[in-house]
Amino acid sequence: MSGLLAGVATYTVLFTLLVSTTEHLSRPAALAGALAAHRVLPAPVAVAAIAIAGEGLLAGAGIVALLHPAGEGLLAAVLGGSVALLALYAGYGLYVRSTGRAGSCGCSRIELPMTGWVVARAAVLAGLALVALLLSGSIVPVDRADAALAVVLLASATFTALLWHLPAAMYEPATATARRPTTRRSIGTTEGGLPG
């Protein structure tokens, strides 16, 4: 059971870092623009570049560690770095929200404000990275292609998709209201109002 939990936690964190890196590289100015709008950190372009590079390095090193038979030490370092990075993201998001600074989170290609769901996602991922770090000795090896690895990969992909889309799914802009059409059609009539 601990192998399943460790594997799902590890792969979810690594998949999420990989998705995040890909999203940031597809629109690199989004994170720097969001950091500049928050007015918290100096040199937002440099900080954004460091964050994106850190995510990519952790994801890449984690994948290499999982593929290498003797990569346990590297994997532990990657998971420790992931705990630190994701906890830093959660803390930063919480600070930005508590100070009332407006602006996008800069965490994806779409414009999302820094909501509690963005903070919660970072906190959950930091927790998963910590669980993975604590149980890293019992991860299902990649070279053992069996049902356990398939379950781990499917569950991880599912959790990654759910966590990644959580802030966007829970965001309800105040200006977006459900409106009904102003014209009503009678039953049995066509668009022009003629009986059908």
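Provided above is the structure to which this section pertains.
Keep in mind that what you see is a predicted model, and the values were worked out from it rather than measured.

A. Seen up close, the overall build of the chain. Scanning the chain from N- to C-terminus turns up six helices and zero strands. Order of helices (α) and strands (β) in the chain, N terminus to C terminus: α-α-α-α-α-α. Buried positions account for 36% of the 196 residues belonging to the chain. A sequence separation of at least 24 residues applies to 74% of the contacts in the chain between residues at least 6 apart. Surface summary for the chain: the accessible area is close to 11200 Å², and the carbon and sulfur share equals 69%.

B. Molecular detail of the state of the cysteines. For the structure shown, the criterion picks out one disulfide. Here Cys105 pairs with Cys107 through a disulfide, and the sulfurs are 2.2 Å apart. With the S-S bond torsion at -65°, the cross-link from Cys105 to Cys107 turns out left-handed. Given a relative accessible area of 13%, Cys107 falls into the buried group.

C. Highlighting the packing of helix α1 (residues 2-26) against helix α4 (residues 72-98). Taken N-terminus to C-terminus, the directions of α1 and α4 make an angle of 65°; their axes are 11 Å apart at the nearest point. Crossing angle aside, the handedness with which α1 passes α4 is left-handed. Of the residues in α4, those in contact with Thr10, Val13, Leu14 and Leu17 of α1 are Leu75, Val78, Leu79, Ser82, Leu85 and Leu86.

D. Main features of helix α6 (residues 147-170). For α6, which comprises 24 residues, the first-to-last C-alpha distance of 33 Å matches the rise-based estimate of 34 Å (1.5 Å per residue) to within 8%. Of all the residues in α6, the buried ones are Leu149, Val152, Ser156, Thr160, Leu163, Trp164 and Pro167. Tucked into the core, α6 has its buried residues touching α1 and α5 (116-134).

E. Up close: the packing of aromatic side chains. Scanning the entire structure with this criterion turns up one aromatic pair. Note that Arg121 overlies the ring of Trp164, its terminal NZ or CZ placed 4.7 Å from the centroid.

F. Inspection of the pattern of salt bridges at higher detail. Taken as a whole and assessed by the stated rule, the structure comprises one salt bridge. A salt bridge links Arg27 to Glu111, with the shortest nitrogen-to-oxygen separation between them at 2.8 Å. With Arg27 in the loop between α1 and α2 (29-38) and Glu111 in the loop between α4 and α5, this residue pair connects regions lying 84 residues apart in the sequence. Taking the relative accessible area as the measure of exposure, Arg27 reaches 32% and is therefore partly exposed.

G. Quick peek at α4. Helix length check: α4 (27 residues) gives 38 Å between terminal C-alpha atoms against 39 Å at 1.5 Å per residue, within 8%. Of the residues making up α4, those classed as buried are Leu75, Val78, Leu79, Ser82, Val83, Leu85, Leu86, Ala90, Tyr92, Gly93 and Val96. As for α4, its buried residues are in contact with α1, α2, α3 (44-67) and α5. Downstream of α4 by one or two residues, Gly100 has phi in the positive range, about 75°.

Each value, and the rule that gives it
Residues numbered from 1 in each chain as written. Predicted model: local features only at pLDDT ≥ 70, side-chain atom pairs only at ≥ 80, totals over all residues. Heavy atoms only, no water. Helix = DSSP H or I, 4+ residues; strand = E, 2+ residues; numbered from the N terminus. Buried < 20%, exposed > 50% of the residue type's maximum accessible area, 1.4 Å probe, protein only. Contact = heavy atoms within 4.5 Å. Areas by Shrake-Rupley, 256 points an atom, 1.4 Å probe, with all protein chains shown as cover. Disulfide = S-S within 2.5 Å. Axes fitted to C-alpha atoms, helices over the stretch in contact; angles between N-to-C directions. Left-handed = near helix turned anticlockwise from the far one by under 90°. Expected span 1.5 Å × (residues − 1). Phe/Tyr/Trp six-rings, centres within 6.5 Å; stacked < 30°, edge-to-face > 60°. Lys NZ or Arg CZ within 6 Å of the ring centre and 35° of its normal. Salt bridge = Lys/Arg side-chain N within 4 Å of Asp/Glu carboxyl O.

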